[in-house]
Amino acid sequence: MNRIPGDRHSGPTRRALLTAGAGAALAAGCARGGASGAPAAEPSGTATPTAAAGGITPGVMTLFKDPGYNFNGLLALGASGAGAAEVGEVLTAVNTINDSGLSAQSYVKTFRALGDRLLKAPPGAPADPRTKQFRALRAAQYYGQALFFVLGSDDPGSEEQLYKAGRGAWDTFCDLCEPAPVKANVPYGSTPLPVWFFRPDTRDTPRPTVILTNGSDGQNVDMWTYGVPAALDRGWNALVYDGPGQGQLLFVDQVVFTPTWEKAVTPLVDWLSARPDVDPDRIALTGLSMAGDLAPRAAAFETRIAALVAMPGCLEPWLGFPPEIRQILTPDKQETNDIWNKEVVPELPPDAADVMKKRFEPFSIPAMLEARQGKLFTDFYTPATRIQALTITDVVGRIKAPTLVLDYEGEQFYPGQPRRMYDALTSPKDYLKLTAAEGAQLHCSPMAPQLHCEVVFDWLQKTLPDR
């Protein structure tokens, strides 16, 4: 987006707005909506922190006063229903953090210690395999909580190590599942995609299968909460994977997001279709958070996708950033980076700078590596244009698969976009908004993932019925 003419000399006002907007962006890629669901004439992206955390999260739903931390805490609490957290553990951690003074440091320290503790034996008798299994799953959740804020802590260089701790806990959990998921590496360019293929049993009976797609900073454990048990309970297979810009590919292999997500999904469909326990005519694709953009992009070109769910529908991830951030980007790289480095960065307080490090790292390896050194990136233009390139307004009409578009009351990151996607679809389609009356408000219904899965899998069952 071009900067507003004459804005160069309005620095202090713009910087003040930028700082406030950047704070709102902290929760914007969570992987972690207005009441009517109708799109605004000019969707502005992220709501203000007050709108996100005020009346829409009343009373005990406000774990932390800061809406970014609160949203992540609610995600952890909501995961309890799937065994991926424990209510008492999360609330105790919340109390510890608040008593210490809410900060990235206290948040990371508390949840990381909780993950470490759960990988040890519990009090009393030695842990049996089932106990070890779900303690590892909860540890993966808590490491993921710490990972989200580690770049703002006093040890940002531990990011890869912390990711690997969570990944190790996830793999320990998977190895103890019965049956254990099939682990494989699916070809993708020079860096294969790690996959975990969950099955109800080991028979070669062809079954419907759902490919679960994470968002811009979710972890594998989130795909457990938002789909794997629901799929298995209904006799479906479920595929969890790291795509470019996610998990192993980001934190270890240093591969950023691609705007052509079908290049990641097509190899997955090839791999699944070759298996005797997969019905190739009943392969569904879901996308959580920013993957509400990625999955529809893939379905627009990968025609073997038989059903699609966007959670929520997202056409332009760039609109998930505050307008004060978006207006920094101009068509000229040098001009953009001069504005960023000379006008904006010097005025950014540390917490807002930490927000930007987190938001931009999946789109720029230099930004990620600089953040691990406690530095703020200097090239704003490159990752910003990569985020812009994720826009799918020009391809959503190509989707042929039946599609469910979810929306959420109080959707704070892509307001209006789910309805815009629904209106643009030409395939068979359904639109559903989850509400505060159900306890399912906010982006991805962090407090109601069980309800979320019921809605999604009831629709999948209806759309791809048993044959």
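Nothing here was measured: the structure is a model prediction, and the numbers come from that model.

**Q** So what's going on with the side chain of T330? Which residues, and what values?
**A** With respect to the helices and strands, T330 occurs in the loop between α13 (323-326) and α14 (333-344). Classification of T330 as buried rests on a relative accessible area of 5%. A polar side-chain atom of T330 sits 3.4 Å from a polar atom in the side chain of E335.

**Q** Before we move on, could you go through the confidence of the model for the chain and cite the residues and values that matter?
**A** With 88% of its residues at a pLDDT of at least 70, the chain reaches an overall mean of 90. Mean pLDDT across the secondary structure elements of the chain bottoms out at helix α2 (residues 49-53), with 37, and peaks at strand β6 (residues 307-311), with 99. Of the regions scoring below 50 in pLDDT, residues 1-53 engages in 140 contacts with residues more than four places distant in sequence or in other chains.

**Q** An account of the nonpolar core is requested, with residue identities and associated values reported.
**A** Formed by 150 residues in total, the largest nonpolar core has its most connected members in W170, F198, M356, F380 and L460. Of the residues forming this core, the biggest block, 11 residues, is contributed by helix α6 (residues 129-149). Once residues within four sequence positions are removed from consideration, L460 is found in contact with V210, W236, A284, A307 and V309.

**Q** Can you break down the pairing of strand β5 (residues 278-288) residue by residue, with the values?
**A** Here β5 lies mainly inside the structure; 9 of its 11 residues are buried. In the sheet, strand β3 (residues 207-213) pairs with β5 via 6 bridges, with the strands oriented parallel. Within β5, the position partnered with T209 by the bridge is I283.

**Q** Give me the lowdown on the pairing of β3, citing residues and values where you can.
**A** For β3, the buried fraction is high: 7 of the 7 residues fall into the buried class. In this sheet, strand β4 (residues 237-241) lies alongside β3 in parallel orientation, the contact comprising 4 bridges. Looking at the pairing, I211 lines up with L239 of β4.

**Q** Before we move on, can you summarise the packing of aromatic side chains with the specific residues and values?
**A** In this structure the tally under the stated criterion is 26 aromatic pairs. Ring centres of F360 and F377 lie 5.0 Å apart, and the angle between their planes is 25°; on these two criteria the pair is classed as stacked. Here the residue F360 occupies a position in helix α15 (residues 350-360), and F377 occupies one in the loop between α16 (365-372) and α17 (381-388), the gap between them amounting to 17 residues. This pair shows no difference in class: F360 is buried, exactly as F377 is. Among the aromatic residues, ring-to-ring pairing joins F64, Y69, Y107, F111, Y142, F148 and F149 into one connected group. The cationic tip of K358 hangs over the ring face of F148; the distance from NZ or CZ to the ring centre is 5.1 Å. One cation-aromatic arrangement involves R419 over Y431; the distance from NZ or CZ to the ring centre is 4.8 Å.

So, how was this worked out
- Residues numbered from 1 in each chain as written.
- Predicted model: local features only at pLDDT ≥ 70, side-chain atom pairs only at ≥ 80, totals over all residues.
- Heavy atoms only, no water.
- Helix = DSSP H or I, 4+ residues; strand = E, 2+ residues; numbered from the N terminus.
- Buried < 20%, exposed > 50% of the residue type's maximum accessible area, 1.4 Å probe, protein only.
- Polar contact = N/O pair within 3.5 Å; in protein donor to acceptor, adjacent residues only side chain to side chain.
- pLDDT = per-residue confidence, 0-100.
- Contact = heavy atoms within 4.5 Å.
- Core = buried A, V, L, I, M, F, W, Y, C linked by side-chain atoms within 4.5 Å.
- Pairing = 2+ DSSP bridges.
- Phe/Tyr/Trp six-rings, centres within 6.5 Å; stacked < 30°, edge-to-face > 60°.
- Lys NZ or Arg CZ within 6 Å of the ring centre and 35° of its normal.

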